[in-house]
Amino acid sequence: MMSSQATPIQGSRAVTPPLSSAGPPRSPLSTESLHPPPCRHRDRSPSPMRGYLIPSPLPTRRTRTCSATARASEGPLFYGVCKCFSRSKGHGFITPSDGGKDIFVHISDIEGEYVPIEGDEVSYKLCSIPPKHEKVQAVEVTITHLKPGTKHETWAGRVVSS
């Protein structure tokens, strides 16, 4: 006696599905299966600064490419004076001794023990800032002379008079 449903054979991988009256079986590659199920969108945080944030990150030692770092290391050494530096913001500017435009410096590019302050003499090398490489930033910044008569802070937080 045979039933209307096919029975799997031992060792066979193909199994015929039972017939149903709901209609023909749908292909697994039908257009309905290509669309993902609708998902709920999570509401974004109501941050007041969300519309004002800059999408591109600042170039740091960590995000700089190896080739850009190598080009900067091979370049000439420049000298200047620290115009300003904010440890809490993590960046500042250097005024070149040759009188050009101020140069951006990131906290990750400062070498040595002390946090630079206004008036410190520094030496540095230049690296171009992507994506257009129109601007430059100071890298490998080292304080050559501390501004006399000021208190300097070390990266560990100790204050030293110079």
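Every value quoted in this text rests on a predicted model; they were computed, and no experiment measured them.

**Brief notes about the pairing of strand 3 (residues 103-106)**
On strand 3, burial covers both faces: I103 and V105 on one face and F104 and H106 on the other are all buried. Judged from the four bridges that link them, strand 2 (residues 91-96) and strand 3 form a sheet pairing that is antiparallel. By the bridge assignment for strand 3, F93 is matched with F104. What sits between strand 2 and strand 3 in their antiparallel hairpin is a turn of six residues, with G99 showing a positive phi close to 85°.

**Some remarks on the side chain of T150**
Of note, T150 is situated in the loop between strand 5 (135-145) and strand 6 (151-153). Since its relative accessible area comes to 17%, T150 is described here as buried. One polar contact links T150 to H152, side chain to side chain, over a distance of 3.4 Å.

**Brief notes about the nonpolar core**
Ranked by size, the top nonpolar core spans twelve residues in total: C82, F85, I94, I103, V105, I110, V115, V122, Y124, A138, V141 and I143. Listing elements by their share of this core, those giving two or more residues are strand 1 (78-86), strand 3, strand 4 (121-129) and strand 5. In terms of residues, this core owes the most to one element, strand 5, which gives three residues.

**Notes on the pattern of salt bridges**
It is possible for side chains of opposite charge to pair when their charged atoms get near one another. One pass over the structure, following the stated rule, counts four salt bridges. Between E153 and R87 there is a salt bridge, with the nearest N and O atoms lying 2.9 Å from each other. In this pair, E153 is assigned in strand 6 and R87 in the loop between strand 1 and strand 2, connecting sequence segments 66 residues apart. The partly exposed category is assigned to E153, whose relative accessible area is 33%. Its relative accessible area of 31% is what places R87 among the partly exposed residues. Close ionic contact of E140 with K125 constitutes a salt bridge, the shortest N to O distance being 4.0 Å. Of this pair, E140 sits in strand 5 while K125 sits in strand 4; the two residues are 15 residues apart in sequence, bridging distant segments of the chain. On the accessibility criterion, K125 (15% relative accessible area) is buried.

**Some points on the confidence of the model for the chain**
The predicted model of the chain averages 75 in pLDDT, with 62% of residues at 70 or higher. Summarising per-element confidence for the chain, the mean pLDDT is lowest in helix 1 (residues 31-34) (49) and highest in strand 2 (94). Contacts from residues 27-31, a stretch scored under 50 in pLDDT, to residues over four places away or in other chains number one contact.

**A closer look at the pairing of strand 5**
Pairing analysis gives two bridges linking strand 3 to strand 5, with the strands arranged parallel. Its bridge partner lying in strand 5, V105 is registered against A138. Across eight bridges, strand 4 lies against strand 5 in antiparallel orientation. Bridging from a neighbouring strand, S123 pairs with T142 of strand 5.

**Things to note about the packing of aromatic side chains**
For the structure shown, the criterion picks out two aromatic pairs. Judged by centre distance (5.9 Å) and plane angle (25°), the ring pair of F78 and Y124 falls under stacked. Note that F78 is positioned in strand 1 and Y124 in strand 4, a separation of 46 residues in sequence. Ring geometry for F93 against F104: centres 6.0 Å apart, planes inclined by 70°, an arrangement best described as edge-to-face. One end of the pair, F93, is in strand 2; the other, F104, is in strand 3, and eleven residues separate them in sequence.

Rules of the game
- Residues numbered from 1 in each chain as written.
- Predicted model: local features only at pLDDT ≥ 70, side-chain atom pairs only at ≥ 80, totals over all residues.
- Heavy atoms only, no water.
- Buried < 20%, exposed > 50% of the residue type's maximum accessible area, 1.4 Å probe, protein only.
- Helix = DSSP H or I, 4+ residues; strand = E, 2+ residues; numbered from the N terminus.
- Pairing = 2+ DSSP bridges.
- Polar contact = N/O pair within 3.5 Å; in protein donor to acceptor, adjacent residues only side chain to side chain.
- Core = buried A, V, L, I, M, F, W, Y, C linked by side-chain atoms within 4.5 Å.
- Salt bridge = Lys/Arg side-chain N within 4 Å of Asp/Glu carboxyl O.
- pLDDT = per-residue confidence, 0-100.
- Contact = heavy atoms within 4.5 Å.
- Phe/Tyr/Trp six-rings, centres within 6.5 Å; stacked < 30°, edge-to-face > 60°.

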